[in-house]
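The chain contents come next:
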Amino acid sequence: MNELECAVAALERGGVIAYATEAVFGVGCDPVSEAAVSKLLAIKQRPVEKGLILIADSLEQLLPYIDIEALTAEQRAVVTASWPGPFTWVMPARTTTPTWLTGRFDTLAVRVTDHPQVKALCRAFGKPLVSTSANLTGEAPGRTTAEVCAALGGRLDYVLPGEVGGRDNPSEIRDARTGALLRPA
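Rules behind the numbers
Residues numbered from 1 in each chain as written. Predicted model: local features only at pLDDT ≥ 70, side-chain atom pairs only at ≥ 80, totals over all residues. Heavy atoms only, no water. Pairing = 2+ DSSP bridges. Helix = DSSP H or I, 4+ residues; strand = E, 2+ residues; numbered from the N terminus. UniProt positions renumbered as here; feature names shortened; annotations may be inferred. Core = buried A, V, L, I, M, F, W, Y, C linked by side-chain atoms within 4.5 Å. Buried < 20%, exposed > 50% of the residue type's maximum accessible area, 1.4 Å probe, protein only. Contact = heavy atoms within 4.5 Å. Polar contact = N/O pair within 3.5 Å; in protein donor to acceptor, adjacent residues only side chain to side chain.

Student: Help me get a handle on the sheet that holds strand β9 (residues 181-183), residues and values and all.
Tutor: What the nine strands build is an open sheet, ordered β7-β1-β2-β6-β3-β5-β4-β8-β9; its pairing is mixed. At either margin of the open sheet sits one strand with a lone partner, and together these are β7 (158-159) and β9. Here strand β1 (residues 17-20) pairs with β7 via two bridges, running parallel. When the sheet's bridge partners are listed, Ala18 is paired in β7 with Val159.

Right, dumping it as structure tokens:
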């Protein structure tokens, strides 16, 4: 089994994995598994109320989770023009999207990545991943496989070796309805 297949197998077993993204390593799991998301939140020491980000290979992978029709044509055009890339958008969530993803919100943060390894991982898994930085809340995110293994290795089910993209900071987050900047890049 190659490294990508090992990562997918861990995800399919309800595991939490780490993988390289555009700027830092991410920690992720199957978004439809409440047990996997609960495990991820426990590892991160992150409250469920804050909500999470989904990272995907394509907009189509995100459509089961977001209500893109709740956006105007102009808002949709702005979002889709930024993808694939390091831009996370807070979008209206479908009423069927689990609260373990949305937290206390009726929205969900989503990104279509341009990182080749994450794209391949999402394609192989067949759906998006929960994606949050590979660190304990309040600590610096890991940028190398070694840093992630040192900080979280014993708590994760698999660390997919890889290289982060060339960005210095995690993705910019904007509100898709208002354009408001929620987290600068």
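Student: Could you give an account of the UniProt feature "domain: YrdC-like" (unreviewed entry) in the chain, naming the residues involved and the relevant values?
Tutor: Under the present numbering, the feature "domain: YrdC-like" (unreviewed entry) in UniProt falls on residues 1-185. A distance of 36 Å separates the end C-alpha atoms of residues 1-185, which is 30% helix and 21% strand.

Student: Lay out the nonpolar core with the relevant residues and their values.
Tutor: Counting 38 residues, the largest nonpolar core has Trp83, Met91, Leu101 and Leu156 as its most contacted members. No other element matches the five residues that helix α2 (residues 34-44) contributes to this core. Apart from residues lying up to four places away in sequence, Leu101 is in contact with Pro31, Val37, Gly51, Leu52, Leu54, Tyr65, Leu108 and Val130. Grouped together as the second largest cluster of nonpolar side chains are 13 residues, Ala10, Ile17, Leu129 and Leu160 included.

Student: Let's hear about the side chain of Arg111: which residues, and what values?
Tutor: With respect to the helices and strands, Arg111 occurs in strand β5 (residues 107-112). A distance of 3.1 Å separates polar atoms of two side chains, one belonging to Arg111 and the other to Glu22. Among the polar contacts listed, one links the side chain of Arg111 to the side chain of Thr88, at a separation of 3.1 Å.

Student: Which residues make up the environment of Thr96, and what values go with them?
Tutor: Structurally, Thr96 can be placed in the loop between β4 (87-92) and α5 (99-102). Put simply, Thr96 and Gly165 are 69 residues apart on the chain and 33 Å apart in space, counted from C-alpha to C-alpha.

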